[in-house]
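Here are the chains, one letter per residue:
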Amino acid sequence: MRGACELIRKRDSCNLTFSQDIYSVSAQHCVWYGECGMSTKVPGKRYNCNYTGPPIPLPEEGHDLLAELCPGLDYGTDSLCCDVQQLQTLKGSLQLPLQFLSRCPACFYNLVNLFCELTCSPRQSLFLNATKFSPDAEHNKTNVEELQYYIGQTFANAMFNACMDVQAPSSNVKALSLLCGKDAKDCNATNWIEYMFSINNGQAPFSITPIFTDVPMAAMTPMTNATRGCNESLPDGSEPCSCQDCSLVCGPMPVPPPLPPPWTILGMDAMAVIMWISYLVFLLVFIGGVLGTWCYRRRAILSEYGPILDSNSAHSVNRDGDSGAVTCCETLGEAFEEALRRLFSAWGSLCVRQPLAVILASLVIVAACSGGLAYMRVTTDPVELWSAPGSQARQEKDYFDSHFGPFFRTEQLIITTTLHSASTFSPYFGGPDVPFGAPLDKGVLHQVLDFQTDIENLEASYGNGTVRLKDICLAPLAPYNDNCTILSVLNYFQNSHEVLDHQIGDEFFTYADYHSHFLYCVSAPASLNDTGLLHDPCLGTFGGPIFPWLVLGGYDAANYNNATALVITFPVNNYHNDTERLNKALAWEAEFIRFVKNYSNPNLTIAFSAERSIEDEIDRESSSDIFTIGISYAIMFVYISLALGHIQSFRRLLVDSKISLGIAGILIVLGSVACSLGIFSYAGVPLTLIVIEVIPFLVLAVGVDNIFIIVQTYQRDERMPQEELHQQIGRILGDVAPSMFLSSLSETVAFFLGALSTMPAVRTFSLFAGLAVFIDFLLQISCFVSLLGLDIRRQESNRLDIMCCIKLPEGQEGKTDGFLFRFFKKIYAPFILKDWVRPIVVSVFVGMLSFSIAVINKVDIGLDQKLSMPDDSYMLHYFTNLSAYLHTGAPVYFVVEDGHDYRTLEGQNAICGGVGCNNDSLIQQLYTASQMSNYTRIGFPSSSWLDDYFDWVKPESTCCRIYNTSGAFCNASVVDKSCVHCRSPTQGRTRPTEGEFMKFLPMFLSDNPNPKCGKGGHAAYSAAVALTHNGTDVGASYFMTYHTILQTSQDFIDAMKMARILADNITRTMAPQGKNYSVFPYSVFYVFYEQYLTIAADTAFNLGVSLAAIFVVTTVLLGFELWSAVMVCITIAMILVNMFGVMWLWSISLNAVSLVNLVMTCGISVEFCSHIVRAFSIGTGSTRVDRAEQALANMGSSVFSGITLTKFGGILILALSKSQIFQVFYFRMYLAIVLLGAAHGLIFLPVLLSYAGPSVNKAKLAASRKRYVGTERERLLNL
């Protein structure tokens, strides 16, 4: 070069700017050698020196460097067109590709080939053509400013194909998204190489124009070196790339199994078809049997109906069994019945004779038990409420919290704009126009940034000081970088108005602005330099990447520029075991909610949520519904107080009323609830809102029914001659108390067995309910009986109710039956048991049962979060926008428990996803799962600290450096000659040894990312690895990815189920022989949704156990009448099945709340059924129909007035509640419980008993007749 310039100088025509045509030199020589002046276009970079002579031998100190950088190239004598400094520059230029592409050796081999040939090839002149030069006055040389590089198209395509699948584990994106200047899906061989050679990327010191051709052109021969496919090994022994980085290695992608087809028959739902057929068959058999019997009787006995109705006739369908000797069971049953009768009679008599002592003792006991309310704790923590301490999800949550810290608290905004500011961006350097959604308008972004900044600066009062976001936020790089983690699209612009306004252009054109920076960052969120003209970082100010799918919403596919919503998330540290710091976080969240509620900007629509929002809104909902609930109970109280009285005449209105007795009965019910709460509070059992809201309703239903039975039985009773009041009440209690005992004990045992449930809400409810019902029964047969005796004495002395000091004059009043009793006895019971009505009743109720069975498997499982919110809650807007805009679900962590050995090659290969890793490793299985996201619900490949650590610790990487004097870590950004590589370059691409692995891992986990090393693991992985034994071993660690967007309860359930299946499979393939550890998935919502994995089985178990308990207790207390217990259980089972039918019709899902209601249904159904069945079993009618009619007449009115009417008015008020959960799970389900219970107990059950009721117990009948010999009741029994 110098010689040529001397020659030109001699000719006085040496020009300092050269064109392409100045030199025409022969082939196979250099086009440059060494470095010259500083680049005028890329600060900090140097041009190469123009040189057209032969290759120059490389100095010996550069041989190792050449072997390190270009191991696959054989340059013979090592005479090259580059010096050592150029090799050093090449090494620096290759650092970024090295960190991201070297995990696939073939990919990096081809890339190095491209650059080594460009920089050092001794035959440069074949494919390089320098086209522009400039003088370097300082060194008296010439700079090469522009160059043409002829590259074989086949080579370029092969290089791209080998690299196109390579992953960047820390950012869950393709590596080419970080290296191509655009999203990997838009990258190809041509634009990738063009981008790498463009000065606009901030790395190339001068412009290199690639020309792609496979044939010689313009006297140039393209560089067509041999390439390696990603599925090929390298000469140095490097293995093929992993499946995650090379689809060719994977083979065909797995196809998810097809969804099981719906069960159909002839194209219709199979259950519906089966139940229709079953119902029709039943109708044919049943109606045929009824008609056949009727026709047979008509033909056999044409005009005499007596024998048909005569129970002693062989032709009577009403015949009540064959007469004969009393059986042993009947004798035993009668003896048991008599013992109960005598016990309760004696007790009732005592209570009436000693009322003050009984009442005082009752008050003392209630007060003592209620004293426990001072220790009452109400559980509002959703985790404690819905997840059992021993459940799998709870144990996994505790494990995660103890090793990695609790999952952070989340404050989130979803922002849309009312402006029609959508626009189109036209890239200056060519390419198709790019539409931008309205929220991405710069003016809107500035307004959002102001809003975001205001939130950052919020100050909440706490104690004597204030709390700001910085005091509680998640700052992963603290204390080196105390910036809060803010997941916002504005973090692409460093949360700065100045960066957002940054643009490069002139008075005519804009070359780069926020549009181009946005487009680069969404494709390379972990980049520290957008490598465009702006050179602004994409990495968030907190040191971590901002994934576009977390901060944008409402876009289609991966076209983030079409976003219609912005999502801003403020992660806040969680402090489960630090009350002081937790209260600070709660205080700031309260200020955050207040500020956002009151924020006004006509251009922005904001939906928001804080971590405390759901609990706050549930508390507000409970408070707002206190008035509604109060009115509901008030209506029931007023009804009870008025309905208990049997008014004989208007003159005796205030004498015959039972207002004071009704109030006393209500207070007894409330006292029993208080006792139950107090006793369990003494024991330290916390209450739940379900207990507080449901148990009073349950105990009121059970207790009021018993009160009505006692009072109305007395009102219908005639005092026998020479019988005193205490004897009469004792006798009445002896008659009805066994029935009350039967129902109460059945409910108590059923509820206590329901406490076997693993669901905390169900278990707690069952315990409190069982005890409250039993205490209520004890108070009713003691305190209430005493109060009843006092009230009767008041009534008999003509004293006014409430104002008992006032006494009316004596007067004769005839005793009449109440209206309801007369209605049931004279009209309703005879009608419902008519021969033509009974088949209709059976047909209708079996039809209802068939329908309910057909839809029982169609009841939804889960709880829609919206239902737990009040109608006017701001959270409803948030939930709506969450479903409408978000594209990504919750993060999910695959946790490898303590015990895995990461230091050994086998242990590493079972986890990692790079070269040499197992094809069924943890990372590879998660990657495969992400390719079937619709099936697995895994949305993205997982991050992998292990793979990034291997890239970070490679000998040729500048990331891992130590001070050669102290051995301490030296960050890649530090310029210090004493900093040396952690590992010797002679180690090649081998992984660290066992000793090196643990020596350098803590350094990796403390290294902050910087422009020279983007693989630092502090921000991304410092919390993901739990180091043990003073940092000498790896304990538990996690690998994070995200679920796909989950909108319905079923989505959440499926996601958890699939994640567990995947984790179990990973555990099996890792085969931790002799070691007790496993892999499990953890996401914050698992503890709430785990219950739904087994809720169908739990429901069947709880209801089955309750029915079994009712069966056993009923059998015993009915005097061992097995068939009577069967009748009760059949009816209750039908009520429960029909409840599922109502749930399907009324869109009530199956969850813990509805399961509690179903368990309660069992208890209330006992009240509807047991009294009728017991009255039937001790009935003295000659036929089943007669006995059913007697039972319905005697008990039906009490059951109807005691439960149905009492509850009906109160339930209707619940429909006015602002709470959706009250409207759905309380109003709808309570209404269904009462209506179905009343329908089955008062319509179906008597008809069923008239057809298939148990035969009369001859021992009981004989004892009954004997008991009333010589009395008026004997005459009534004989009628």
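These numbers were taken from a predicted model, which means no experiment stands behind them.

The subject of this paragraph is the overall build of the chain. The secondary structure content of the chain amounts to 46 helices and 29 strands. For the chain, the spread of C-alpha atoms along the principal axes amounts to about 155 × 75 × 60 Å. Within the chain, the fraction of its 1279 residues that count as buried is 56%. Within the chain, counting contacts between residues at least 6 apart in sequence, those at least 24 apart form 73% of the total. When the accessible surface of the chain is summed, it comes to about 52,000 Å², and 60% of that surface belongs to carbon and sulfur atoms. Mean positive and mean negative side-chain charge positions of the chain (83 and 113 charges, respectively) differ by 11 Å.

Within helix α8 (residues 189-196), 6 of the 8 residues are buried, which leaves the element mostly enclosed by the surrounding structure. Turning to α8, its buried residues number three or more, namely Ala-189, Asn-191, Trp-192, Ile-193, Tyr-195 and Met-196. Put simply, Asn-188 is the residue that caps the front of α8, since its side-chain oxygen is 3.1 Å from the backbone nitrogen of Thr-190.

The next thing to look at is the sheet that holds strand β13 (residues 409-417). In space, the 4 strands of this open sheet follow the order β20-β21-β13-β22, with antiparallel pairing throughout. Edge strands, defined here as strands with exactly one partner in the open sheet, are β20 (552-553) and β22 (604-609). Bridging between β13 and strand β21 (residues 565-572) involves 7 bridges; their strand directions are antiparallel. Bridging across to β21, Thr-410 finds its partner in Pro-571. Each of β13, β20, β21 and β22 is contacted by helix α31 (residues 874-885), which is oriented at about 100 degrees to β22, the strand it contacts most.

Burial of strand β1 (residues 32-38) is extensive: 6 of the 7 residues sit out of reach of the surface. Where β1 and strand β2 (residues 46-50) come together, 3 bridges link them in antiparallel fashion. Paired with Trp-32 across the two strands is Asn-50, which belongs to β2.

Let us look at empty space enclosed by the protein. Inspection of every chain in the model, using the stated rule, returns 6 cavities of 30 Å³ or more. A volume near 540 Å³ is recorded for the largest cavity. As for the largest cavity, its lining consists of 31 residues, of which Ser-93, Phe-115, Met-196, Gln-203 and Ala-204 are closest to the centre. Elements with a minimum of two residues in the lining of the largest cavity: β1, β2, α3 (84-93), α4 (95-101), α5 (105-120), α7 (176-179) and α8. For the lining of the largest cavity, the residue count by class is 20 nonpolar, 8 polar and 3 charged.

If you check the domain split of the chain, you get domain 1 (32-249), domain 2 (356-376 + 618-804 + 1094-1278), domain 3 (405-610) and domain 4 (874-1092). Using C-alpha coordinates to define each centre, domain 3 is positioned 25 Å away from domain 4. Between domain 3 and domain 4, the buried area comes to about 2,200 Å², and carbon and sulfur atoms account for 72% of it. When the area that domain 3 buries against domain 4 is broken down by residue, the three leading residues are Phe-407, Leu-528 and Trp-549, summing to 26%. Where domain 3 meets domain 4, there are 0 salt bridges. In this assembly, domain 3 and domain 4 are joined by 6 residue pairs in polar contact (both at pLDDT 80 or more). Top element by residues in the side of domain 3 that touches domain 4 is β22. It accounts for 5 residues. Considering only residue class, the side of domain 3 that touches domain 4 consists of 18 nonpolar, 9 polar and 1 charged.

Among the structural elements, Met-271 can be located in helix α10 (residues 270-300). Along the sequence, Met-271 and Phe-851 sit 580 residues apart, while their C-alpha atoms lie 9.4 Å from each other. Not counting chain neighbours up to four residues away, the residues in contact with Met-271 comprise Trp-263, Ile-853, Ala-854, Asn-857 and Lys-858.

Time to look at the packing of helix α26 (residues 689-716) against helix α28 (residues 760-796). It is at 8 Å that the axes of α26 and α28 come closest, and there the two elements cross at 30 degrees. Considering how the two elements wind past one another, α26 and α28 form a crossing that is right-handed. Along the lines of polarity and charge, the residues of the contact of α26 with α28 split into 21 nonpolar, 4 polar and 2 charged.

Before going further, it helps to examine helix α35 (residues 945-952). Taking burial as the measure, the 8 residues of α35 include 8 buried ones, the bulk of the element. The set of residues buried in α35 consists of Trp-945, Leu-946, Asp-947, Asp-948, Tyr-949, Phe-950, Asp-951 and Trp-952.

In this structure, Leu-114, Trp-192, Leu-413, Leu-552 and Trp-945 are the most contacted members of the largest nonpolar core, which totals 364 residues. Ranked by residue count, the leading element in this core is helix α44 (residues 1220-1252), at 21 residues.

One pass over the structure, following the stated rule, counts 32 salt bridges. Between Glu-338 and Arg-341 there is a salt bridge, with the nearest N and O atoms lying 3.7 Å from each other. You can see Glu-338 and its partner Arg-341 sitting in helix α12 (residues 328-353), 3 residues apart, about one turn around the helix. Since its relative accessible area comes to 11%, Arg-341 is described here as buried. A salt bridge links Arg-341 to Asp-735, with the shortest nitrogen-to-oxygen separation between them at 2.4 Å. Remark: Asp-735 occurs in helix α27 (residues 725-754) and Arg-341 occurs in helix α12; sequence separation between them is 394 residues.

In this chain, Ala-478 is followed by Pro-479 through a cis amide linkage whose omega measures 5 degrees. The phi dihedral of Asn-140 falls on the positive side, at around 55 degrees, and the residue is not glycine. Structurally, Asn-140 can be placed in the loop between β5 (128-136) and β6 (141-151). If you check the backbone angles, Asn-495 has positive phi at about 50 degrees while not being a glycine.

Quick look at the sheet that holds strand β24 (residues 888-896) now. Strands belonging to one sheet form pairs held by backbone hydrogen bonds; the direction of such a pair is parallel or antiparallel. Judged by pairing direction, the sheet is antiparallel, and its 4 strands sit side by side in the order β27-β28-β24-β29 without closing on themselves. Two strands close off the open sheet at either side, each with one partner strand: β27 (1025-1028) and β29 (1079-1082). Across this sheet, the average inter-strand angle for adjacent strands is 20 degrees, counted without regard to direction. Of the strands in this sheet, β27 and β28 (1033-1044) touch helix α36 (residues 994-1006), which is tilted by about 135 degrees from β27.

In this structure the tally under the stated criterion is 15 disulfides. A disulfide bridge connects Cys-521 with Cys-538, and the sulfur atoms are separated by 2.0 Å. Taking the sign of the torsion about the S-S bond as the criterion, the disulfide between Cys-521 and Cys-538, at about -80 degrees, is left-handed. Of this pair, Cys-521 sits in helix α19 (residues 514-523) while Cys-538 sits in the loop between α19 and α20 (548-551), and the two are 17 residues apart along the sequence. One exposure class covers both Cys-521 and Cys-538, and it is buried. Two residues, Cys-959 and Cys-1013, share a disulfide whose sulfurs are 2.0 Å apart. Disulfide Cys-959-Cys-1013: torsion about the S-S bond near 110 degrees, hence right-handed. Here Cys-1013 lies in the loop between α36 and α37 (1018-1021) and Cys-959 lies in the loop between α35 and β25 (961-963), a separation of 54 residues in the sequence. There is no split in this pair, since Cys-959 and Cys-1013 are both buried. Sulfur of Cys-369: no disulfide; nearest cysteine sulfur belongs to Cys-675 and is 4.3 Å away.

Before going further, it helps to examine the confidence of the model for the chain. Residues with a pLDDT of 70 or more make up 91% of the chain, whose mean pLDDT is 84. Across residues 1-26, where pLDDT falls below 50, the model places 31 contacts with residues more than four positions away in sequence or in other chains. Ignoring residues within four places in sequence, the model shows residues 1272-1279, a span with pLDDT below 50, making 11 contacts including any to other chains.

Reading the values: the criteria
Residues numbered from 1 in each chain as written. Predicted model: local features only at pLDDT ≥ 70, side-chain atom pairs only at ≥ 80, totals over all residues. Heavy atoms only, no water. Helix = DSSP H or I, 4+ residues; strand = E, 2+ residues; numbered from the N terminus. Buried < 20%, exposed > 50% of the residue type's maximum accessible area, 1.4 Å probe, protein only. Contact = heavy atoms within 4.5 Å. Areas by Shrake-Rupley, 256 points an atom, 1.4 Å probe, with all protein chains shown as cover. Lys, Arg positive; Asp, Glu negative; His and termini not counted. Charge placed at Lys NZ, Arg CZ, Asp CG, Glu CD. Polar contact = N/O pair within 3.5 Å; in protein donor to acceptor, adjacent residues only side chain to side chain. Pairing = 2+ DSSP bridges. Axes fitted to C-alpha atoms, helices over the stretch in contact; angles between N-to-C directions. 1 Å grid on protein atoms, 1.4 Å probe; cavity = no way out; pocket = protein on both sides within 12 Å on 5 of 7 lines; lining within 4 Å. Points joined across faces, edges and corners; volume = space filled by probe spheres on them. Nonpolar A, V, L, I, M, F, W, Y, C, P; charged D, E, K, R; others polar. Domains from an automatic or database assignment. Buried area = accessible area lost by both parts, 1.4 Å probe. Salt bridge = Lys/Arg side-chain N within 4 Å of Asp/Glu carboxyl O. Left-handed = near helix turned anticlockwise from the far one by under 90°. Core = buried A, V, L, I, M, F, W, Y, C linked by side-chain atoms within 4.5 Å. Disulfide = S-S within 2.5 Å. pLDDT = per-residue confidence, 0-100.

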